[in-house]
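Commentary on secondary and tertiary structure
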Amino acid sequence: MKPHCTDFHPAVMDLKSDMEKGKLSRRQFLRLATLLGTSALAAGQLAGLTWPARAFAGTKPRRGGVLKVAQQIQKIDHPARFSWLMPANSMRQVFEYMTFTDENNITHPYLCESWQASEDLKTWTFTVRKGIRFNNGDPLTADDCIFTIGQWLDKDVKSSLLGLVGDYLAPTGIEKLDDYRFRLHLKRPEIAVPEHFYQYTAQVLNHRTFQGDMKKAPHGTGPFLLDTYREGEICILKARKDYWQKGTDGKPLPYIDQIRFIDMGGELAPQIAALKSGEIDLIDASDNPGPQIMKAVAKDPHIRVLPVATATVRVLRMRVDQKPWDDNRIRMALKLCQNREKILALAYQGEGLPGQDFHVYPKHPEYCPKPVPAYQPEKARKLLAEAGYPNGIDVKLAVGSEWSDVVRYAEVLKQDAAPAGIRIRIQTMPTSQYWEKWTEVDLGITPWTHRPLGTMVPNLAYIADDTGKPVPWNETRWVDEEFSRLLKTASGTLDVEKRRKLFCRLEQIQMDRGPIGISYWMNTWMCPNKRLKNVVAHPNLNLLLTDAWLAS
């Protein structure tokens, strides 16, 4: 049965018209229509697409087995404070999300079975799926979702989501309608609310038992139970018997009996050796997604290489509240010393796209094409002289030592900045140490993971909160009045052409006076042992193991 146009948000048919006129692609239409509450099936019908059924290549999923994954076991307490994907990847098997954004950047219902947005995008009504229970037996209700969102907005929790969601939602803007419905009253229009609910920090908590440390009361709705968590050593998860989703055999998922996340340190070589020998089945590469693993196992008959396009990136970031980076001429001088083709070739083996010093990926729907800046050391030297450094300047660049491409990026930059008079001293440290101080160093290179829309990272990293203070993940402290104003407008603009025009200006502002350099965007891969079945490579390298299974 075909959907009726009256079933949709009023803007959906306008988006369909734009798609038919060639203003946006089918994929971009699907992304926006599903964000507005249209089911993926109905949106696909409107786009003239059919969704292929997921198949197991003629084999039935097998139950049982122990999956072994190499992963650094980090200190954890509150999921809203995660600043690294790895703990989210282990804990997402225990704690779930209200929505789900798939490998094609399409957002689907999950713990919330549906949502509706008002015409002006300022009122959003969510319906919680009935019949789901936490692993301690408590039922999932709207109170749990409201409590979880309240944690994001609690300034004492210090979650990055305070910057993203708190920009448009106040604690007083959450209304409980009944046990399974809640409504959000936004301060301004926002398109991407359901997508924000799938941020890796947005795991849903049991409001009855959570008291700040997920290890003490690991009561999630996910398919696994937390059995053991020893920081720096191991995390063991065991299958629960009453999970709400069922497998193809009609029994509750998961298929796998146990997952063991094993900390093998940050060096890749021993992890690759363990993968090739069969000692482990998978490396959680979410923090180190470079081509090193892919190229080492590409010809191994026991390992699959699954590529994925992604907006994962390394960001050369300068704190504008500290000298000399408070002077835009100095910031621009360093950015001009990026020999981008050379950096991409030497740091990342050419496996990516060149960047342009603004945090919008060329494949984001809002992307406005801009030229790639040239390497210009003479112009950089002139800017330094104008800024009062005619004899050059000494700076210290902080990098995590286990990110080999970041270290190489720093080395190439050091070499190419020297002719401009910028003398770089590279300060390497364990990546765990970098993460402890990543928002505090004055000059560093920070990994940023994929986000599906161009508005998301700017709202996380380059604006202030409602008191004028930089949001928690604003590591550069850069707040620009024109940029912030245009970004708010873009976040509530559905028309893709109008949105792209706004991004032309947003991108140019970051190029002209922004606090970051971006030399390259990264291709990524997932490389599982072939015995691990039914897994896909997600742009964030999220580990989605609910219905994965192990061949004998």
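Everything that follows concerns the structure shown earlier in this document.
Heads up: these notes are all about the structure in this document.

Definitions and limits used
- Residues numbered from 1 in each chain as written.
- Predicted model: local features only at pLDDT ≥ 70, side-chain atom pairs only at ≥ 80, totals over all residues.
- Heavy atoms only, no water.
- Buried < 20%, exposed > 50% of the residue type's maximum accessible area, 1.4 Å probe, protein only.
- Helix = DSSP H or I, 4+ residues; strand = E, 2+ residues; numbered from the N terminus.
- Pairing = 2+ DSSP bridges.
- Salt bridge = Lys/Arg side-chain N within 4 Å of Asp/Glu carboxyl O.
- Axes fitted to C-alpha atoms, helices over the stretch in contact; angles between N-to-C directions.
- Contact = heavy atoms within 4.5 Å.
- Core = buried A, V, L, I, M, F, W, Y, C linked by side-chain atoms within 4.5 Å.
- Polar contact = N/O pair within 3.5 Å; in protein donor to acceptor, adjacent residues only side chain to side chain.

**Things to note about the pairing of strand S7 (residues 181–185)**
The side chains of a regular strand alternate between both faces of the sheet. Going residue by residue along S7, you find Phe182 and Leu184 tucked away on one face and Arg181, Arg183 and His185 left uncovered on the opposite face. Relative to S7, strand S5 (residues 123–128) runs antiparallel, the two being bridged by five bridges. Looking at the pairing, threonine 127 lines up with arginine 181 of S7. Here four bridges tie strand S6 (residues 174–178) to S7, and the two strands are oriented antiparallel to one another. When the bridges of S7 are listed, glutamate 175 appears paired with arginine 183. The hairpin formed by S6 and S7 contains two residues between the paired strands.

**Description of the pattern of salt bridges**
Applying the stated criterion to the full structure yields 32 salt bridges. Put simply, lysine 215 and aspartate 213 hold a salt bridge, and the shortest N to O gap is 3.2 Å. Arginine 317 is the partner of glutamate 475 in a salt bridge, and the nearest nitrogen-oxygen pair spans 2.8 Å. Note that glutamate 475 is positioned in the loop between helix H15 (456–461) and helix H16 (481–491) and arginine 317 in strand S13 (residues 313–318), a separation of 158 residues in sequence. Of the two residues, glutamate 475 and arginine 317, both sit in the buried class. By sharing partners, the salt bridges in this structure join Asp167, Arg188, Glu190 and Lys488 into a single network.

**Topic: the sheet that holds S6**
Overall, antiparallel pairing links the four strands, which are arranged S4-S5-S7-S6 in an open sheet. In the strand order of this sheet, the two ends are held by strand S4 (112–117) and S6, each with one partner. Averaged over all pairs of adjacent strands, the angle between their axes in this sheet comes to 20°, without regard to strand direction. Strands S4, S5, S6 and S7 of the sheet are contacted by helix H5 (residues 142–153), whose axis makes an angle of about 175° with S6.

**Focus on the sheet that holds strand S9 (residues 234–239)**
The strand order S8-S9-S10-S1-S11 describes an open sheet built from five strands, whose pairing is mixed. Because the sheet does not close on itself, it has two edges, and the strands there are strand S8 (224–230) and strand S11 (282–283). Inspection of the sheet shows S9 paired to strand S10 (residues 258–262) by five bridges, in the antiparallel sense. Bridge pairing in S10 links lysine 238 to glutamine 258.

**Notes on the nonpolar core**
Phe29, Ile149, Phe182, Leu184 and Ile422 are the most contacted members of the largest nonpolar core, which totals 186 residues. Considering each element in turn, this core owes the most residues, seven residues, to helix H13 (residues 404–417).

**What to know about the environment of arginine 340**
Here arginine 340 shows up in helix H11 (residues 340–348). Along the sequence, arginine 340 and glycine 355 sit 15 residues apart, while their C-alpha atoms lie 7.5 Å from each other. Not counting chain neighbours up to four residues away, the residues in contact with arginine 340 comprise Lys335, Gly355, Gln356, Asp357, Val372, Pro373, Ile518 and Ser519. Engagement of the side chain of arginine 340 in a polar contact is seen with the backbone oxygen of lysine 335, the distance being 3.4 Å. A distance of 3.1 Å separates a polar side-chain atom of arginine 340 from the backbone oxygen of isoleucine 518.

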